[in-house]
Amino acid sequence: MSAETLLAVENLKVHFPVRKTFLSRTRRFVYAVNGISLTLDKGETLGIVGESGCGKTTAGMAVLNLVKPTAGKIIFRGNDISDRSVLSRAERLVLRKEMQIIFQDPYSSLNPRSPLNQILDVPMRIHGLYTKNERKDRIAYLLEKVGLSPEQGRRYPHEFSGGQRQRIGIARALSLDPVLIIGDEPVSALDVSIQAQIINLLMDLQGEFDLSYVIIAHDLAVVEHISDRIAVMYLGKVVETAPYRELYTSPLHPYTQALLSAIPVADPRVKRNRIILNGDVPSPRDPPSGCAFHPRCPRKFEGCDRIEPQLGAAENAHQVACHLY
Ligand code: SF4
């Protein structure tokens, strides 16, 4: 962990207990996140990518304390915040202010009965930030920063388009002056042209507001332009992590290679060999033995189904969990 490290997640596990049947007392678990380690430096953007059910959103929720970790550590600004019940109320409030989230569906995350000005005012008021007049000025400032006008502050969420609502979500996250923003599929619900606008907006705001981002997405194409580093997750584990350019030009894990092969290329002269994976992602209730990817891996070999590969350095900052390396 370097002096610049803002967030470090060490061997984080989130297991949800489930009962086998209604009357059964046998406890089973959904291994949503099953031992991931990641770091995020100040000012950096980490993209977390994987198919639905790989645990990426649960990992983000655990960092934000919206779900309780089963094991592992979450270190934020050098302090262990894994168990927030041992923190004082004041410390928890500071953490809530410093870590914000942008949701996938901006509409359902906005109160339909409140005008925009009120939506942006409430978090600042709860945290006791600024006087009434200062809050009013700050709301106008934030609206301009995200590409809306202060006059639109009197409107209600249903009067905005999907892209504008996501801009409101970003303004609300910025209102508390956070240092870390977790974007949970922040553009997946938007049209492709609007996706690019929102990604560009997030990139513009990053330097100005001194932000670090964790951007969660199921599509490598979405995080390509915004990420400094990317972590690829499969069934609750990180299977590959690398600086974004290296990951896109030299993917090592067969799963990453398959994900990249699915990204459409705009140039019709460029042919990309699509790798089609067989079957669906196995259930996180009953992950396969050995390498969890082996039932779908086109390059599996003797031993992959028995011995679990560990995430290790392939070269420089590139890490992969695969017996091929
Ligand atoms: Fe495929 Fe084996 Fe590598 Fe797993 S360890 S990704 S099964 S080659």
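Source: prediction; values computed, not measured.

**Let's talk about the overall build of the protein**
Phase 1: Across its full length, the protein holds nine helices and twelve strands.
Phase 2: In terms of overall size, the protein behaves like a compact globule, its C-alpha atoms giving a radius of gyration of 21 Å where 325 residues would be expected to give roughly 20 Å.
Phase 3: Taking the principal axes of its C-alpha atoms as reference, the protein extends roughly 70 × 55 × 45 Å.
Phase 4: When each of the 325 residues of the protein is scored for burial, the buried share is 48%.
Phase 5: Taking the intrachain contacts of the protein between residues at least 6 apart in sequence as the baseline, contacts between residues at least 24 apart amount to 64%.
Phase 6: Carbon and sulfur atoms make up 49% of the accessible area of the protein, which totals about 16500 Å².
Phase 7: Taken together, the 40 basic and 35 acidic charged side chains of the protein have centroids lying 8 Å from each other.

**Let's talk about the domain arrangement of the protein**
Phase 1: On domain assignment, one finds that the protein holds domain 1 (39-62 + 84-227) and domain 2 (232-325).
Phase 2: Of the roughly 1200 Å² buried between domain 1 and domain 2, counting both surfaces, carbon and sulfur atoms make up 63%.
Phase 3: At the junction of domain 1 and domain 2, the tally comes to one salt bridge.
Phase 4: A salt bridge links Arg 296 to Glu 51; its shortest N-O distance comes to 3.2 Å.
Phase 5: Of all the secondary-structure elements, those providing two or more residues to the side of domain 1 that touches domain 2 are strand S3 (45-49) and helix H7 (220-223).
Phase 6: When residues of the side of domain 1 that touches domain 2 are assigned to their parent elements, the largest contribution, three residues, is made by H7.
Phase 7: Counted by class, the side of domain 1 that touches domain 2 contains six nonpolar, five polar and three charged residues.

**Regarding the packing of aromatic side chains**
Phase 1: Counting across every chain of the model gives six aromatic pairs.
Phase 2: Pairing Tyr 244 with Tyr 248 gives two aromatic rings, centres 6.2 Å apart and planes at 70°, and the pair type is edge-to-face. Here Tyr 244 and its partner Tyr 248 are both found in helix H8 (residues 244-249), four residues apart, which amounts to about one turn of the helix.
Phase 3: Through a chain of ring-to-ring contacts, the aromatic side chains of Tyr 234, Tyr 255 and Phe 293 assemble into a single cluster.
Phase 4: Lying over the aromatic face of Tyr 107, Arg 165 brings its terminal NZ or CZ to 4.1 Å of the ring centre.

**Some remarks on the pairing of strand S6 (residues 99-102)**
Phase 1: Alternating residues of S6 divide into Met 99 and Ile 101 and Gln 100 and Ile 102, and every residue in both groups is buried.
Phase 2: Note: S6 against strand S7 (residues 180-184), four bridges, orientation parallel. Its bridge partner being in S7, Met 99 is matched across the sheet by Leu 180.

**Some thoughts on the pattern of salt bridges**
Phase 1: Within the structure shown, the criterion is met by nine salt bridges.
Phase 2: With its nearest N and O atoms 3.0 Å apart, the salt bridge here joins Glu 302 to Arg 306.

**Quick word on a nonpolar patch on the surface**
Phase 1: Judged by side-chain polarity, Phe 301, Leu 324 and Tyr 325 come together as a nonpolar surface patch covering roughly 280 Å² of accessible area.
Phase 2: Mapping Tyr 325 onto the fold places it in the segment after strand S12 (318-320).

**Some words on the packing of helix H5 (residues 162-174) against helix H6 (residues 192-208)**
Phase 1: Their axes nearest at 10 Å, the elements H5 and H6 cross at an angle of 20°. The orientation of H5 with respect to H6, classified from their angle, is roughly parallel. Here H5 runs over H6; the crossing is right-handed. Between H5 and H6, the residues in contact are Gly 163, Gln 166, Arg 167, Ile 170 and Leu 174 and Ile 194, Gln 197, Ile 198, Leu 201, Leu 202 and Leu 205, respectively.

**Examining the sheet that holds strand S5 (residues 79-80)**
Phase 1: As summarised here, the arrangement of the four strands in space is S2-S1-S4-S5, forming an open sheet in which the pairing is antiparallel. The strands lining the two open edges of the sheet, one partner per strand, are strand S2 (27-41) and S5.
Phase 2: As paired strands, strand S1 (residues 5-19) and strand S4 (residues 71-76) are joined by five bridges and run antiparallel to one another. Of the residues in S4, the one forming a bridge with Leu 7 is Phe 76.

Criteria and thresholds
Residues numbered from 1 in each chain as written. Predicted model: local features only at pLDDT ≥ 70, side-chain atom pairs only at ≥ 80, totals over all residues. Heavy atoms only, no water. Helix = DSSP H or I, 4+ residues; strand = E, 2+ residues; numbered from the N terminus. Rg over C-alpha atoms; globule rule 2.2 N^0.38 Å. Buried < 20%, exposed > 50% of the residue type's maximum accessible area, 1.4 Å probe, protein only. Contact = heavy atoms within 4.5 Å. Areas by Shrake-Rupley, 256 points an atom, 1.4 Å probe, with all protein chains shown as cover. Lys, Arg positive; Asp, Glu negative; His and termini not counted. Charge placed at Lys NZ, Arg CZ, Asp CG, Glu CD. Domains from an automatic or database assignment. Buried area = accessible area lost by both parts, 1.4 Å probe. Salt bridge = Lys/Arg side-chain N within 4 Å of Asp/Glu carboxyl O. Nonpolar A, V, L, I, M, F, W, Y, C, P; charged D, E, K, R; others polar. Phe/Tyr/Trp six-rings, centres within 6.5 Å; stacked < 30°, edge-to-face > 60°. Lys NZ or Arg CZ within 6 Å of the ring centre and 35° of its normal. Pairing = 2+ DSSP bridges. Patch = residues over 30% accessible without salt bridge, like charges linked within 9 Å, V, L, I, M, F, W, Y side chains within 5 Å. Axes fitted to C-alpha atoms, helices over the stretch in contact; angles between N-to-C directions. Parallel < 35°, antiparallel > 145°, perpendicular 65-115°, else oblique. Left-handed = near helix turned anticlockwise from the far one by under 90°.

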